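# Structural features, examined
Here is what each chain is made of, one letter per residue.
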Amino acid sequence: MPERRRGAALEKALLDAAWQELTDNGYAGFTMDAVVQRAGTSPPVLYRRWSDRDELVRAAIVHTLKEYRLDSPDTGSLREDVLTLMREINTTRVQFITVMSVQLAGYYQETGTSPADLRDPLATGRKEALDVLFDRAVDRGETKRELLTERIKSLPFDLLRQEILTTFAPVPDHVLEEIVDTVFLPLVR
């Protein structure tokens, strides 16, 4: 008989099952029953935590964003830190970005939300990770804090995401370098 999961372990198993269901079947095919079955639990266990599928979808996305948050690289230069992080995203997150956009289109329509609403940088820890990267650049004298608006800090990653969504494939390295060298760095120097 399998060990009974409780607390954080149970919640993680439920959210992992929900994310896998979204990945495999998209929002249109996503049901609470399918998550229950995939997680090997019962409906009351799921409904005690999330009252409906939209609430569960949002929780699964935030959970996955937190779970797969990347560490801030420390290469000694802003250019290499940003490129290293973009390369890591490019290597490991193409499927995630695609699922967030394509598989969840129905969710965005039904709930009136957008991918940006679900990528809450405070809930996922993304903001703190980027702040560390940019704080180091300020400390090294590579940029000034007043140049680093939230829009500019997210710009290279927004452009990377746009490139991925154009092809649903990893972006060639020369494009990453072009984004950093010709668009991003001139704004922060």
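Keep in mind that what you see is a predicted model, and the values were worked out from it rather than measured.

What follows covers the overall build of the protein. Each helix and strand in the protein was counted, giving 12 helices and zero strands. Ordered by position from the N terminus, the helices and strands of the protein form the series α-α-α-α-α-α-α-α-α-α-α-α. Viewed in the frame of its principal axes, the protein has a C-alpha envelope of about 55 × 30 × 30 Å. Among the 189 residues that make up the protein, the fraction classed as buried is 42%. Partitioning the intrachain contacts of the protein with sequence separation of at least 6 by distance along the chain shows that 68% fall at a separation of at least 24. Accessible area of the protein: about 10,100 Å², with a carbon and sulfur share of 52%.

Spanning 15 residues, helix 5 (residues 78–92) covers 21 Å between terminal C-alpha atoms, matching the ideal 21 Å at 1.5 Å per step. Looking only at helix 5, the buried set comprises Leu 78, Asp 81, Val 82, Leu 83, Leu 85, Met 86, Ile 89 and Asn 90.

What follows is about the confidence of the model for the protein. Predicted confidence across the protein gives a mean pLDDT of 90, with 94% of residues reaching 70 or more. Element-level mean pLDDT values for the protein span from 54 in helix 9 (residues 121–124) up to 98 in helix 12 (residues 173–188).

Another point: the packing of helix 1 (residues 7–25) against helix 2 (residues 32–39). The interhelical angle for the contact between helix 1 and helix 2, taken along N-to-C directions, is 120°, at an axis separation of 9 Å. Regarding the angle of helix 1 to helix 2, the classification is oblique. At the point where helix 1 passes helix 2, the crossing takes the right-handed sense. Contacts between helix 1 and helix 2 involve Ala 13, Leu 14, Ala 17, Ala 18, Gln 20, Glu 21, Asp 24 and Asn 25 from the former and Ala 34, Val 35, Arg 38 and Ala 39 from the latter. Taken together, the residues that form the contact of helix 1 with helix 2 break down as seven nonpolar, two polar and three charged.

Here we take up the packing of aromatic side chains. For any pair of aromatic rings, the description consists of the separation of the ring centres together with the inter-plane angle of the planes. What the rule picks out here adds up to four aromatic pairs. Both rings, one in Trp 19 and one in Phe 96, keep their centres 5.1 Å apart while their planes meet at 35°; by these two values the pair is tilted. One end of the pair, Trp 19, is in helix 1; the other, Phe 96, is in helix 6 (residues 94–103), and 77 residues separate them in sequence. Summarising the burial analysis for this pair, Trp 19 and Phe 96 share the class buried. Residues Tyr 27 and Tyr 107 carry aromatic rings whose centres are separated by 5.4 Å and whose planes lie at 75° to one another, so their mutual orientation is edge-to-face. Within this pair, whereas Tyr 27 is found in the loop between helix 1 and helix 2, its partner Tyr 107 is found in helix 7 (residues 105–111), the two being separated by 80 residues in sequence. Each member of the pair, Tyr 27 together with Tyr 107, is buried. In textbook terms, an aromatic cluster arises when at least three aromatic residues are bridged by ring pairs, as seen for Tyr 27, Tyr 107 and Tyr 108. Here the basic side chain of Arg 53 rests over the ring of Tyr 27, its NZ or CZ set 3.8 Å away from the ring centre.

Moving on: the pattern of salt bridges. Under the definition given, this model contains 17 salt bridges. Note that Asp 74 and Arg 136 form a salt bridge whose closest N and O atoms lie 3.8 Å from each other. Of this pair, Asp 74 sits in the loop between helix 4 (53–67) and helix 5 while Arg 136 sits in helix 10 (residues 126–139); the two residues are 62 residues apart in sequence, bridging distant segments of the chain. A salt bridge links Arg 79 to Glu 80, with the shortest nitrogen-to-oxygen separation between them at 2.6 Å. Owing to a relative accessible area of 29%, Glu 80 belongs among the partly exposed residues under this scheme. Residues joined by salt bridges that share partners form a network here, namely Asp 74, Asp 81, Arg 136, Arg 140 and Glu 142.

The rules behind these values
- Counting of residues starts from 1 at the beginning of each chain's written sequence and follows it residue by residue.
- A pLDDT threshold of at least 70 governs which residues receive local features in this predicted model, and a stricter bar of 80 or more applies before side-chain atom pairs are shown or counted, although totals over entire chains, interfaces and linings include all residues.
- Side-chain descriptors were evaluated using all non-hydrogen atoms of the structure, hydrogens and water having been removed beforehand.
- Helix and strand definitions follow DSSP, with helices as H or I runs of at least four residues and strands as E runs of at least two, each counted in order from the N terminus.
- Residue burial is assigned from relative accessible area. The probe radius is 1.4 Å, only protein chains are included, and a residue is buried under 20% of its type maximum, exposed over 50%, and partly exposed in between.
- Note on definitions: a residue-residue contact is assigned when non-hydrogen atoms from the two residues lie within 4.5 Å.
- Accessible areas in this description were obtained via Shrake-Rupley with a 1.4 Å probe; residue shielding takes into account the shown protein chains only.
- For a helix, the expected span equals 1.5 Å multiplied by the number of residues minus one.
- pLDDT expresses how confident the predictor is about each individual residue, on a scale running from 0 to 100.
- For helices, the fitted axis covers only the stretch in contact; all axes are lines through C-alpha atoms, and the angles between them, taken along N-to-C directions, range from 0 to 180 degrees.
- Orientation labels follow simple angle bins: below 35 degrees gives roughly parallel, above 145 gives roughly antiparallel, 65 to 115 gives roughly perpendicular, and whatever is left gives oblique.
- Rotating anticlockwise by less than a right angle from the far helix to the near helix defines a left-handed crossing, while the corresponding clockwise rotation defines a right-handed one.
- Charged means Asp, Glu, Lys or Arg here, nonpolar means Ala, Val, Leu, Ile, Met, Phe, Trp, Tyr, Cys or Pro, and polar covers whatever is left, Gly included.
- Working definition: rings of Phe, Tyr and Trp (its six-membered ring) pair if their centres are within 6.5 Å, and the pair is stacked with planes under 30 degrees apart, edge-to-face with planes over 60 apart, and tilted otherwise.
- Throughout this description, the term charge over a ring refers to an Arg CZ or Lys NZ atom that lies within 6 Å of the ring centre and within 35 degrees of the ring normal.
- Any carboxyl oxygen of Asp or Glu within 4 Å of a side-chain nitrogen of Lys or Arg constitutes a salt bridge here.

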